[in-house]
Amino acid sequence: MKITLARHSGFCMGVRNAVLRIISEINSTDENLYVYGPLIHNPQTVDVLHGRGLSTINSLDAIANRRIAIRTHGIPVDELRMVKQCASRVINLTCPRVARVQSIIKKHSAGGSHTIITGDRDHAEVIGLMSYAAHGVSVISDLPETDSIPPADSYILVSQTTFDRELYKRIVSRVQSTLKNVTVFDTICDSTRLRQEDVVVGITAGTDTLVVVGGKNSANTRRLAQIGRDSGIATFHIETEDELQEKDFSGSRNVLVTAGTSTPGWIINNILEKIYTIKYMRSNIFVRAALFMLEFIVRTNILSAIAAYFITLFTMLYTGLPDDHALAAVSLLYIFSIYSTNNYFEKKFLKLSNPYKYRIYRRFGLPLLIASIISMAVSIIISLRYGTVPTMVITGSYLMGFIYSTAPVKLMVKKMKAGIIRRLYNSKLVTCFGWIIVTVLLPQIALATGSAAPAALSFLVFGLIFLRTAILDLIAYQGDLILGRETLPIWIGTANTRTVSTTAGALGVLVFSVITVLTASPLYLLPVLNIVYFLLLMSVINRLNYLIALKYELLVDVNFILLILFYFILRLT
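Predicted model, so just to flag it, every value in this text is computed and none were measured.

A.B. asks: Hey, could you go over the overall build of the chain for me, with residue numbers and the actual values?
C.D. replies: Counting its regular elements, the chain contains 24 helices and twelve strands. Taken along the three principal axes of its C-alpha coordinates, the chain extends 95 × 55 × 45 Å. Counting over 573 residues, the chain shows a buried share of 54%. Across the chain, every contact between residues at least 6 apart in sequence was considered, and the portion connecting residues at least 24 apart equals 73%. Carbon and sulfur atoms make up 60% of the accessible area of the chain, which totals about 25100 Å².

Rendered as structure tokens:
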């Protein structure tokens with residue numbers, strides 16, 4: 001089964017700008033924020049924003065001295081005038097494309113032209129457009145309705161921005177053939193046109209199953225689904241991944257996924273992952289078992305913990321220390337314990353942002369938490385054999401890690417006036433230092449060595465883990481943005497995140513390489529390739545608007561497998 005994501009999917013320019021503006025307003029103040037009518041036609045996004053402090057009102061009776069946002073579809077001109085008079089502040093999020101249509105109608109209607117609007121009479125956008133027509137207006141949703149247009153000296157013909165383009169062309173042709181002095185304006189949004197073209201081209205190319213993602217009350221999304229139904233192919237108009245079943249794709253060979261202009265990226269990603277999961281459920285039992293195990297060890301950070309074990313062994317090899325598998329086990333247990341505990345207490349967030357990872361923690365969360373507590377205890381007991389200082393180091397690292405992720409600390413940081421502290425906290429720099437402490441510094445402290453090697457290794461590990469963390473944050477960016485999680489890409493933007501993380505990786509390579517060339521065999525430069533791998537992967541992700549989270553999370557942690565392979569190569573030479 002081939003799965004293709006339509007080229008033009010998800011937020012259009014107007015919706016993206018509106019959502020970003022709303023999120024900025026929510027993040028900048030605790031003042032109540034109200035939107036007059038639904039912000040966009042996507043209930044999941046609206047629900048999330050409501051949970052973050054945005055309230056929807058449907059009456060102008062109580063807007064006095066309130067901060068009011070105007071929805072993307074626009075509102076009637078008299079209502080807009082009232083909002084501007086009564087609200088303490090107005091945030092006009094009307095889509096620029098809709099605002100252009102309003103201006104066209106206002107200008108030509110003032111000159112005496114009768115306005116013809118192709119669209120759905122009850123749609124919020126059309127209701128707003130009609131209010132700008134001061135010299136008569138007709139709303140046409142199908143060809144026969146053109147006969148009801150009253151006589152006038154001149155006409156202008158515009159369209160609801162999300163109207164069906166093919167139907168619009170037929171209506172234009174009919175109007176021009178029956179009426180005189182008609183000025184036509186093509187006001188259908190390019191985003192709508194391109195989405196419809198994607199579906200038509202896909203069907204022509206052999207698509208046999210169409211999945212349309214978006215609000216059931218969204219006009220542009222309903223039209224995408226209608227194109228599929230009219231073409232006779234299996235069509236599913238859904239809002240979330242839960243609406244898809246394996247049986248829906250029993251005869252599917254070529255699946256096209258498209259999404260409406262109000263559909264956020266995190267929902268698209270989740271649906272892509274659901275369809276890929278269905279695809280692999282068709283595989284034989286051995287392939288399914290292998291995929292489940294791989295997903296399990298990646299999403300429960302078991303693979304990360306194993307990588308920490310071998311990084312610690314590499315530290316010992318690099319610095320000339322004897323292998324100490326007990327110390328390597330301390331690193332493994334620490335990384336597993338910290339990550340698993342954090343994920344367990346973030347289940348509520350995972351439920352929306354990454355439902356497949358959430359299901360793992362819903363099913364295995366308690367055993368993983370118990371295993372984490374046991375891991376912590378065992379690692380501290382092991383460290384006792386190396387003396388007081390190593391024990392204090394590992395215990396202090398646990399305290400730092402757990403305090404860092406507790407709900408009270410997160411709440412305290414969220415309420416901090418100093419934004420820089422909150423943002424540094426959310427940048428996850430502590431994660432990098434935790435890795436350095438257990439994989440590089442702890443062996444040096446426990447086994448006592450004095451050289452430049454720990455500095456070289458610290459730069460290498462920092463660059464590696466910082467890049468990994470940044471890439472995972474970039475993968476989760478779409479969901480984090482709307483759901484309210486402050487990460488490095490949210491703080492400084494995706495472009496700056498790539499720049500900063502690339503700089504950190506390059507610095508790690510430079511320092512490690514210089515010290516290695518001066519003090520050790522060039523073969524020890526092999527782990528530099530792990531940083532190069534992350535840099536290449538980041539460049540690939542940079543070119544994607546939407547992606548399957550599991551696929552790229554697997555690609556991220558495949559790097560750990562390469563790192564383990566490099567260790568064995570060095571060990572055998």
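After presenting the structure, the write-up continues.
A.B. asks: Any chance you could break down the sheet that holds strand E8 (residues 155-159) for me, citing the residues and the numbers?
C.D. replies: Taken in spatial order, the four strands make up an open sheet running E7-E6-E8-E9, and their pairing is parallel. Edge positions in the sheet fall to strand E7 (137-140) and strand E9 (182-184), since each has one partner strand and no second. Here the strands of the sheet are splayed against their neighbours by 20 degrees on average, with no regard to which way each runs. Of the strand pairs in this sheet, E8 and E9 are connected by three bridges, and their pairing is parallel. Bridging across to E9, Ile 156 finds its partner in Thr 183.

A.B. asks: Give a detailed account of the packing of aromatic side chains, specifying residues and quantitative values.
C.D. replies: The full count for this structure, using the stated rule, is 18 aromatic pairs. Measuring from ring centre to ring centre gives 5.9 Å for Phe 236 and Phe 249, while their planes differ by 35 degrees; the resulting arrangement is tilted. Here Phe 249 lies in the loop between strand E11 (234-238) and strand E12 (254-259) and Phe 236 lies in strand E11, a separation of 13 residues in the sequence. As far as the burial class goes, Phe 236 and Phe 249 line up, both buried. Chaining the aromatic ring pairs together yields one cluster made of Tyr 309, Phe 310, Tyr 567 and Phe 568. In this arrangement the basic side chain of Arg 66 is found over the ring face of Tyr 34, its NZ or CZ atom lying 4.2 Å from the centre. Lying across the ring of Tyr 36, Arg 71 places its NZ or CZ 6.0 Å from the centre.

A.B. asks: Could you give an account of a nonpolar patch on the surface, with specific residues and numbers?
C.D. replies: A cluster of nonpolar side chains, namely Phe 459, Leu 507, Leu 510, Val 514 and Leu 518, defines an oily patch on the protein surface of about 480 Å² accessible area. Mapped onto the secondary structure, Leu 507 falls in helix H22 (residues 494-519).

A.B. asks: Account for the pattern of salt bridges, naming residues and giving values.
C.D. replies: Per the counting criterion, the structure on display carries 16 salt bridges. Of the charged contacts in the structure, one is a salt bridge between Arg 21 and Glu 25, with a shortest N-O distance of 3.5 Å. Of this pair, Arg 21 and Glu 25 are both found in helix H1 (residues 13-28), four residues apart, which corresponds to roughly one turn of the helix. Taking relative accessible area as the criterion, Arg 21 reaches 35% and is therefore assigned partly exposed. Note that Arg 89 is salt-bridged to Glu 25, the shortest N-O span being 2.9 Å. Placement of Arg 89 in strand E5 (residues 89-92) and of Glu 25 in helix H1 is noted, with a sequence separation of 64 residues between them. Given the relative accessible area of 36%, Arg 89 is considered partly exposed.

A.B. asks: Mind laying out the state of the cysteines, listing which residues take part and the relevant values?
C.D. replies: Taken as a whole and judged by the stated rule, the model has zero disulfides. No disulfide involves Cys 12; its sulfur sits 5.6 Å from the nearest other cysteine sulfur, which is in Cys 95.

A.B. asks: Give me helix H8 (residues 219-230): which residues, what numbers.
C.D. replies: In an α-helix, one turn spans 3.6 residues, which is why side chains three or four residues apart end up on the same side. Between its first and last C-alpha atoms H8 spans 16 Å; for twelve residues at 1.5 Å apiece the expected length is 16 Å, and the two agree. Looking at H8, one finds that the buried residues are Ala 219, Asn 220, Thr 221, Arg 223, Leu 224, Ala 225, Ile 227 and Gly 228. The inward-facing, buried residues of H8 abut helix H7 (190-204), strand E10 (209-213), E11 and E12. Following H8 by one or two positions, Gly 232 has its phi on the positive side, about 80 degrees.

A.B. asks: Explain the sheet that holds strand E2 (residues 33-36) to me, using residue names and the numbers behind them.
C.D. replies: The sheet built from four strands is open, its strands ordered E3-E2-E4-E5 with parallel pairing. The outermost strands of the open sheet, each flanked by one partner alone, are strand E3 (54-57) and E5. Averaged over all adjacent pairs, the angle separating strand axes in this sheet is 30 degrees, with direction ignored. In the packing of H1 onto the sheet, the strands contacted are E2, E3, strand E4 (67-70) and E5, and the crossing angle to E5 comes to about 150 degrees.

A.B. asks: I'd like a rundown of the pairing of strand E6 (residues 114-118), residues and numbers included.
C.D. replies: Along E6, five of the five residues are buried, which leaves the element largely enclosed by surrounding structure. Burial along E6 is two-sided: His 114, Ile 116 and Thr 118 and Thr 115 and Ile 117, pointing in opposite directions, are all buried. Sheet analysis places E6 next to E8, joined by five bridges and oriented parallel. What sits directly across from Ile 116, in E8, is Leu 157. The sheet contact formed by E6 and E7 spans four bridges and is parallel. Directly across from Thr 118, in E7, lies its bridge partner Ile 140. Crossover connection from E6 via helix H5 (residues 124-130) to parallel E7: handedness right-handed.

A.B. asks: Explain the nonpolar core residue by residue, including any values.
C.D. replies: Counting residues in hydrophobic clusters, the biggest one holds 78 residues, and the most contacted among them are Phe 314, Tyr 318, Ile 335, Trp 435, Ile 471, Ile 475 and Phe 512. When residues of this core are assigned to their parent elements, the largest contribution, 13 residues, is made by helix H19 (residues 453-475). Formed by 42 residues, the second largest nonpolar core is a distinct cluster that contains Ala 18, Ile 23, Leu 33 and Ile 548.

A.B. asks: Which residues make up the side chain of Thr 161, and what are the values?
C.D. replies: Its place among the elements puts Thr 161 in the loop between E8 and helix H6 (165-178). Judged by relative accessible area, which is 5%, Thr 161 ranks as buried. Polar contacts involving the side chain of Thr 161 include one to the side chain of Glu 125, which spans 2.8 Å. In this view, Thr 161 contacts Arg 97, Val 98, Val 101, Glu 125, Thr 187, Ile 188, Cys 189 and Thr 192; residues no more than four positions away in its chain are not counted.

A.B. asks: Would you mind going over the packing of helix H11 (residues 302-319) against helix H12 (residues 325-344) in detail, with residue names and values included?
C.D. replies: Where H11 contacts H12, the two axes come as close as 8 Å, and the packing angle between them is 150 degrees. Relative to H12, H11 is oriented so that their crossing is right-handed. Facing H11, whose interface residues are Ile 302, Ser 304, Ala 305, Ile 306, Ala 308, Tyr 309, Thr 312, Leu 313 and Met 316, H12 presents His 325, Leu 327, Ala 328, Ala 329, Ser 331, Leu 332, Ile 335 and Phe 336.

A.B. asks: Describe the packing of H19 against H22, listing the residues and the values that go with them.
C.D. replies: Orientation of H19 relative to H22, taken along the N-to-C sense of each, is 160 degrees, at an axis distance of 8 Å. Relative to H22, H19 is oriented roughly antiparallel. Helix-helix and strand crossings are classified by hand; for H19 and H22 the assignment is left-handed. Considering only residue class, the contact of H19 with H22 consists of 15 nonpolar, seven polar and one charged.

Rules and cut-offs
- Residues numbered from 1 in each chain as written.
- Predicted model: local features only at pLDDT ≥ 70, side-chain atom pairs only at ≥ 80, totals over all residues.
- Heavy atoms only, no water.
- Helix = DSSP H or I, 4+ residues; strand = E, 2+ residues; numbered from the N terminus.
- Buried < 20%, exposed > 50% of the residue type's maximum accessible area, 1.4 Å probe, protein only.
- Contact = heavy atoms within 4.5 Å.
- Areas by Shrake-Rupley, 256 points an atom, 1.4 Å probe, with all protein chains shown as cover.
- Pairing = 2+ DSSP bridges.
- Axes fitted to C-alpha atoms, helices over the stretch in contact; angles between N-to-C directions.
- Phe/Tyr/Trp six-rings, centres within 6.5 Å; stacked < 30°, edge-to-face > 60°.
- Lys NZ or Arg CZ within 6 Å of the ring centre and 35° of its normal.
- Patch = residues over 30% accessible without salt bridge, like charges linked within 9 Å, V, L, I, M, F, W, Y side chains within 5 Å.
- Salt bridge = Lys/Arg side-chain N within 4 Å of Asp/Glu carboxyl O.
- Disulfide = S-S within 2.5 Å.
- Expected span 1.5 Å × (residues − 1).
- Right-handed = clockwise from strand over helix to strand, strands pointing away.
- Core = buried A, V, L, I, M, F, W, Y, C linked by side-chain atoms within 4.5 Å.
- Polar contact = N/O pair within 3.5 Å; in protein donor to acceptor, adjacent residues only side chain to side chain.
- Left-handed = near helix turned anticlockwise from the far one by under 90°.
- Parallel < 35°, antiparallel > 145°, perpendicular 65-115°, else oblique.
- Nonpolar A, V, L, I, M, F, W, Y, C, P; charged D, E, K, R; others polar.

The values reported here are purely geometric and, on their own, carry no functional implication.
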